[in-house]
Amino acid sequence: MSDNAQTLRQFLLAERKQGLIAQDMMLLIEDIATSSRIIAHQIRNGAFLNILGATETSNVQGETQKQLDVIANDIFIEHCSNCSRVAALVSEEIDDVIWLKDQPKAGDYLVYFDPLDGSSNLNVNLSVGSIFSIMELKEDITDLTNEAVLFEGANQICAGYSLYGPSTSMILTTGNGVNGFTHKIGTGEFTLTFPDMRLPEETDEFAINASRFRKWDPAIARYVEECLDGKDGPRGKSFNMRWTASMVAEVHRILMRGGIFLYPKDSGNAEMGGKLRLLYEANPMGFIAEQAGGKASTGMQRILEVEPTSHHQRVSVILGSASEVDRIESYYTENA
């Protein structure tokens, strides 16, 4: 990395001068970066602050909330509310949409976020992260309902995630490629360390929760079996399988060195539509994958074209290197 590498602010100012983003968008992204710095600090000091354990409450998903789930959610709400163009916030941890404006107008922003993805990893000191997505209203909103925020992922104008690992990373797309920033401790700055990130088309790595193999659809079972067959199988090469139970960590590894991430709908979660949430997990990660030259699919259709029916809707997720996603989609087509 050059000593002259751009800070996040310099990067955003350059995009602003090129007319790629609005000034309010620049400020909102900086507020999200601030949220990420604060959350990273809370995680690093969680053991000393006695905030690593669970609460006595569950979120709308029926999942027991960790103390840091609640803390991270509050941090996101506080800082994303600073931007005067944000009309509503949609969080994994909150049942209903949080409306910040009584009369949202065209041009206002909707912010969707999972404040702390993979929080089950906290007590074993593994990587966790935050995911966010931003959409811009094309029309005024008159009815402040949960249904008013239901837009296809193709409408996103910005998406990203923060990864809290050995260093704190922030991966960002504003629809002009994908760029990675690393928080430099002591300065408070995110610095551009991974410009123009691209997903390799070919790979020998995949990430899936193999404990669910008895529940997989035939297409997924076939894909995994072929990978595990190695050099003697139909793929003619060996594959590595990974799983850390954090979507952010899995997607980040794939973005850095290629691969495919799978959390498909199976017989165990089919009634819910899958495991991962469409608006604040699948859509932003799908947008990032596509902007990095990859693909994101349910197996049957492009994730960014799924029409949402609920703001906490779940969906099948298959994303990563384009050729692998294409292969799995062809298996679903054959089994249709």
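Before any of the text, the structure's been laid out above.
These numbers were taken from a predicted model, which means no experiment stands behind them.

Procedures and definitions
Residues numbered from 1 in each chain as written. Predicted model: local features only at pLDDT ≥ 70, side-chain atom pairs only at ≥ 80, totals over all residues. Heavy atoms only, no water. 1 Å grid on protein atoms, 1.4 Å probe; cavity = no way out; pocket = protein on both sides within 12 Å on 5 of 7 lines; lining within 4 Å. Points joined across faces, edges and corners; volume = space filled by probe spheres on them. Helix = DSSP H or I, 4+ residues; strand = E, 2+ residues; numbered from the N terminus. Nonpolar A, V, L, I, M, F, W, Y, C, P; charged D, E, K, R; others polar. Pairing = 2+ DSSP bridges. Contact = heavy atoms within 4.5 Å. Axes fitted to C-alpha atoms, helices over the stretch in contact; angles between N-to-C directions. Buried < 20%, exposed > 50% of the residue type's maximum accessible area, 1.4 Å probe, protein only. Parallel < 35°, antiparallel > 145°, perpendicular 65-115°, else oblique. Left-handed = near helix turned anticlockwise from the far one by under 90°.

*Asks:* Please provide a residue-by-residue account of empty space enclosed by the protein, values included.
*Replies:* Counted by the stated rule, this structure contains 1 cavity of 30 Å³ or more. Roughly 40 Å³ of internal volume is contained in the largest cavity. Surrounding the largest cavity, Leu 199, Val 251, Ile 254, Leu 255, Met 285, Ala 289, Leu 319 and Gly 320 form its lining. Elements represented by at least two residues in the lining of the largest cavity include exactly helix H6 (247-257), helix H7 (278-291) and strand E17 (317-320). The residue makeup of the lining of the largest cavity, split by class, is 7 nonpolar, 1 polar and no charged.

*Asks:* Talk me through the sheet that holds strand E6 (residues 128-136); I want residue IDs and the actual numbers.
*Replies:* Strand order in the open sheet made by the 8 strands is E4-E3-E5-E6-E7-E8-E9-E10, with mixed pairing throughout. Each having just a single partner strand, strand E4 (98-99) and strand E10 (189-194) make up the two edges of the open sheet. On the sheet, helix H2 (residues 23-44) packs against strand E3 (86-91), strand E5 (109-117), E6, strand E7 (156-164), strand E8 (168-173), strand E9 (179-184) and E10 and is oriented at approximately 20 degrees with respect to E7.

*Asks:* Go over the sheet that holds strand E12 (residues 240-242), please, and point to the residues and values.
*Replies:* The strands making up a sheet associate through hydrogen bonds between their backbones, and the pairing can be parallel or antiparallel. Sheet architecture is open: 5 strands sit in the order E12-E11-E13-E17-E15, paired in mixed fashion. The sheet is open, and its two edges are formed by E12 and strand E15 (295-297), each paired on a single side. The mean angle between the axes of side-by-side strands here comes to 15 degrees, regardless of whether they run parallel or antiparallel. The pairing of strand E13 (residues 260-263) with E17 spans 4 bridges and is antiparallel. Among the inter-strand pairings, Tyr 263 is bridged to a residue of E17, identified as Val 317.

*Asks:* How would you summarise the layout of surface pockets if you had to cite specific residues and measurements?
*Replies:* Gaps left between atoms are located by rolling a probe of water-molecule size over the structure's atoms. Its volume calculated, the largest pocket comes out at about 440 Å³. Secondary-structure elements contributing two or more residues to the lining of the largest pocket are strand E2 (64-66), E5, H6, E13 and strand E14 (276-277). Residues that form the lining of the largest pocket fall into these classes: 7 nonpolar, 7 polar and 11 charged. Within this model, the second largest pocket holds a volume of roughly 370 Å³. In terms of residue count, H2 provides more of the lining of the second largest pocket than any other element does, 3 residues in total. Across the lining of the second largest pocket, the residue classes break down as 10 nonpolar, 8 polar and 1 charged.

*Asks:* Mind laying out the environment of Ser 267, listing which residues take part and the relevant values?
*Replies:* Its location among the elements puts Ser 267 in the loop between E13 and E14. Classification of Ser 267 as exposed rests on a relative accessible area of 58%. With 53 residues separating them in the primary sequence, Ser 267 and Arg 214 have C-alpha atoms 8.7 Å apart.

*Asks:* Summarise the packing of helix H5 (residues 218-228) against helix H8 (residues 322-335); cite the residues concerned and give the values.
*Replies:* The geometry of a pair of packed helices is captured by two quantities: the angle between their axes and the separation between those axes. Look at H5 against H8: their axes get within 8 Å of each other, and the N-to-C directions meet at 135 degrees. With respect to H8, the axis of H5 lies oblique. For the pair H5 and H8, the sense of crossing is right-handed. On H8, the residues touching Pro 218, Ala 219, Ile 220, Arg 222, Tyr 223 and Glu 226 of H5 are Glu 324, Arg 327, Ile 328, Tyr 331, Tyr 332, Glu 334 and Asn 335. Tallied by class, the residues present in the contact of H5 with H8 amount to 7 nonpolar, 1 polar and 5 charged.

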